[in-house]
Amino acid sequence: MEDISALKGLIGGFRQSRILFTANNLRIFDFLNKPKSAKVISAKLGTDTRATSILLDALVSMGLIKKNGSLYENLPISSEYLQSGRPGYQGDIISHFDTLWNNWSGLDNVVKTGSPNRKAANHESFIRGMHNLSILKVKNVVDAIDLSDVRTAVDIGGGPGTYSIELAKRGIDVTLFDRPDTIAIAKEYAGSLANVKFIEGDFLVDPIGKGYDLAFISQVFHSYTTRENIMLLKKVKKSLNKKGKIAVQEFYIEDNMSEPLEGALFAVNMLVHTEGGRCYSVNEMQSWLSKSGFTEVATSRINEAVIINAQASG
Ligand SMILES: C[S@@+](CC[C@H](N)C(=O)[O-])C[C@H]1O[C@@H](n2cnc3c(N)ncnc32)[C@H](O)[C@@H]1O
């Protein structure tokens, strides 16, 4: 970084995040589908009128809403992504980031001790937030998975089930494996889809079932150590049919662990929240796959993520 204005952007960057988190927590965007004054909005929200108008003006300045005279209203970006009930709603992931904010505030101590700081937790917004993120790219991600000859699949750490549901819609019998409190939420998203089944447990210790043509492991490795991930891959290999396949999705990071920025920042998130997790490079994951009996077939990038397809090698 050579530019002082870029440095200033970093120093004050938290302010815009905080304003967005607070507006999201107050559900301000749900009230702005029609033009309203700060007085009307604060009366609906039960908030202070002066404070609300200052917050609303900042949201205007940030390009999230517009102001006409004294009336505020959503812009397309806020009505599409910040108003609850919309297909692209991102409010749960914003709420999850608000939780992360609390834990990241302990980063000084995390770096001193090497131990995580995960006192703040909100499982509901974490899992629903995963759905917010995945729903924007699920079709592209599933398109990047080799589904030829796949009739049965297991979605390891399937979370809200966004990928399981898309696989099921493509005619595959899917088993979503996750912890009980997550599966309760996934069942809600899956609704009455008949070909999604659920197994509750801890994939490091409990049986994960067998007879699968495909295992999908999305955004799971970054919470665990290399040793744990290889252990999981070996277990997954045993659960697959002969010539079974595996598809992995993770945040992309180069071997230098510093690029791209999103991957490096996500590694800090895992430092704050886990004992031994971080971002792993494609080369690292490929070496685990080959140690666990898989041969890499194809790797592709989708935005900030990488998808690795591999095949059981005997
Ligand atoms: C970051 S989320 C990813 C969810 C989903 N795969 C996706 O990509 O949207 C990680 C998921 O793995 C689950 N998980 C993590 N460790 C687990 C374990 N030991 N046993 C079962 N599920 C686990 C979490 O409950 C969570 O649903």
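Residues numbered from 1 in each chain as written. Predicted model: local features only at pLDDT ≥ 70, side-chain atom pairs only at ≥ 80, totals over all residues.

Draft legend 1. View of the site of the ligand. The environment of the ligand is made up of 17 residues, and the closest members are Met 130, Gly 157, Gly 159, Ser 218 and Gln 219. Considering each element in turn, the shell around the ligand owes the most residues, three residues, to helix 7 (residues 123-135). Here the residues of the shell around the ligand sort into five nonpolar, nine polar and three charged. (Near = placed C-beta within 6 Å. Helix = DSSP H or I, 4+ residues; strand = E, 2+ residues; numbered from the N terminus. Nonpolar A, V, L, I, M, F, W, Y, C, P; charged D, E, K, R; others polar.)

Draft legend 2. Main features of the packing of helix 1 (residues 4-25) against helix 3 (residues 49-61). Packing of helix 1 against helix 3 leaves a shortest axis separation of 10 Å and a crossing angle of 120 degrees. Judged on the interaxial angle alone, helix 3 and helix 1 are oblique. Our pair here, helix 1 against helix 3, has a crossing hand that is left-handed. Residues Ile 19, Thr 22 and Ala 23 of helix 1 lie in contact with helix 3, whose contacting residues are Leu 55, Ala 58 and Leu 59. (Axes fitted to C-alpha atoms, helices over the stretch in contact; angles between N-to-C directions. Parallel < 35°, antiparallel > 145°, perpendicular 65-115°, else oblique. Left-handed = near helix turned anticlockwise from the far one by under 90°. Contact = placed C-beta atoms within 7 Å.)

Draft legend 3. Structural context of the domain arrangement of the chain. Taken domain by domain, the chain holds domain 1 (4-86) and domain 2 (135-312). Computed over C-alpha atoms only, the centres of domain 1 and domain 2 are separated by 36 Å. (Domains from an automatic or database assignment.)

Draft legend 4. Representation of the packing of helix 1 against helix 5 (residues 91-104) in the model. Axis separation between helix 1 and helix 5 bottoms out at 9 Å; the angle between their running directions is 125 degrees. Taken together, the axes of helix 1 and helix 5 are oblique relative to one another. The interaxial crossing formed by helix 1 with helix 5 has left-handed handedness. Counting all contacts with helix 1, which are made through Leu 20, Phe 21, Asn 24 and Asn 25, the residues of helix 5 involved are Gly 91, Ile 94, Ser 95, Phe 97, Asp 98 and Trp 101. For the contact of helix 1 with helix 5, a count of residues per class yields five nonpolar, four polar and one charged.

Draft legend 5. Quick look at the pairing of strand 4 (residues 152-156). Among the five residues in strand 4, five count as buried, and that is most of the element. Of the two faces of strand 4, both are covered, the one formed by Thr 152, Val 154 and Ile 156 as well as the one formed by Ala 153 and Asp 155. For the segment spanning strand 4, helix 9 (residues 162-169) and strand 5 (residues 173-178), crossover handedness is right-handed. Strand direction decides the pairing type here: strand 4 and strand 7 (residues 212-218), joined by four bridges, are parallel. Across the sheet, the residue bridging to Ala 153 is Leu 214, located in strand 7. (Buried ≥ 20, exposed ≤ 12 C-beta atoms within 10 Å, placed from the backbone. Right-handed = clockwise from strand over helix to strand, strands pointing away. Pairing = 2+ DSSP bridges.)

Draft legend 6. Region of interest: the nonpolar core. If you look at the biggest cluster of nonpolar residues, it comprises 77 residues, and the most contacted ones within it are Ala 153, Ile 156, Ala 215, Phe 216, Ile 217, Ile 246 and Ile 307. Per-element accounting of this core gives the leading share, six residues, to strand 10 (residues 305-312). Looking at which domains feed residues into this core, each of domain 1 (4-86) and domain 2 (135-312) supplies at least three. The residues contacting Ala 215, other than those within four sequence positions of it, are Val 154, Ile 156, Val 236, Ser 239, Leu 240 and Ile 246. (Core = buried A, V, L, I, M, F, W, Y, C linked by C-beta atoms within 7 Å.)

Draft legend 7. Local environment of helix 12 (residues 261-273). Taking 1.5 Å of rise per residue, the 13 residues of helix 12 would be expected to cover 18 Å, and the 19 Å separating its terminal C-alpha atoms lies within 8% of that figure. Along helix 12, the residues classified as buried are Gly 263, Phe 266, Met 270, Leu 271, Val 272 and His 273. In this structure, the buried residues of helix 12 make contact with helix 5, helix 6 (107-113) and strand 8 (240-251). (Expected span 1.5 Å × (residues − 1).)

Draft legend 8. How the structure looks around the sheet that holds strand 5. The strand order across the open sheet built from seven strands is 6-5-4-7-8-10-9, with neighbouring strands paired in mixed fashion. Both outer strands of the open sheet, strand 6 (196-200) and strand 9 (294-302), are each paired with one neighbouring strand and no more. Along the sheet, successive strands turn relative to each other by an average axial angle of 20 degrees, direction set aside. Bridge count between strand 4 and strand 5: five bridges; the pairing is parallel. Looking across to strand 5, one finds that Val 154 is bridged to Thr 175. Sheet strands in contact with helix 9 are strand 4, strand 5, strand 6 and strand 7, and its direction is about 170 degrees off that of strand 5. Along the sheet, helix 10 (residues 180-190) contacts strand 5 and strand 6; its crossing angle with strand 6, the most-contacted strand, is approximately 170 degrees.

Draft legend 9. Broad picture of the sheet that holds strand 3 (residues 71-74). On the basis of which strands lie adjacent, the open sheet formed by three strands has the order 1-3-2 and antiparallel pairing. Each having just a single partner strand, strand 1 (36-37) and strand 2 (65-68) make up the two edges of the open sheet. Pairing analysis gives four bridges linking strand 2 to strand 3, with the strands arranged antiparallel. Paired with Lys 67 across the two strands is Tyr 72, which belongs to strand 3. Across the sheet, helix 3 lies against strand 2 and strand 3, angled at about 110 degrees from strand 2, the strand it touches most.

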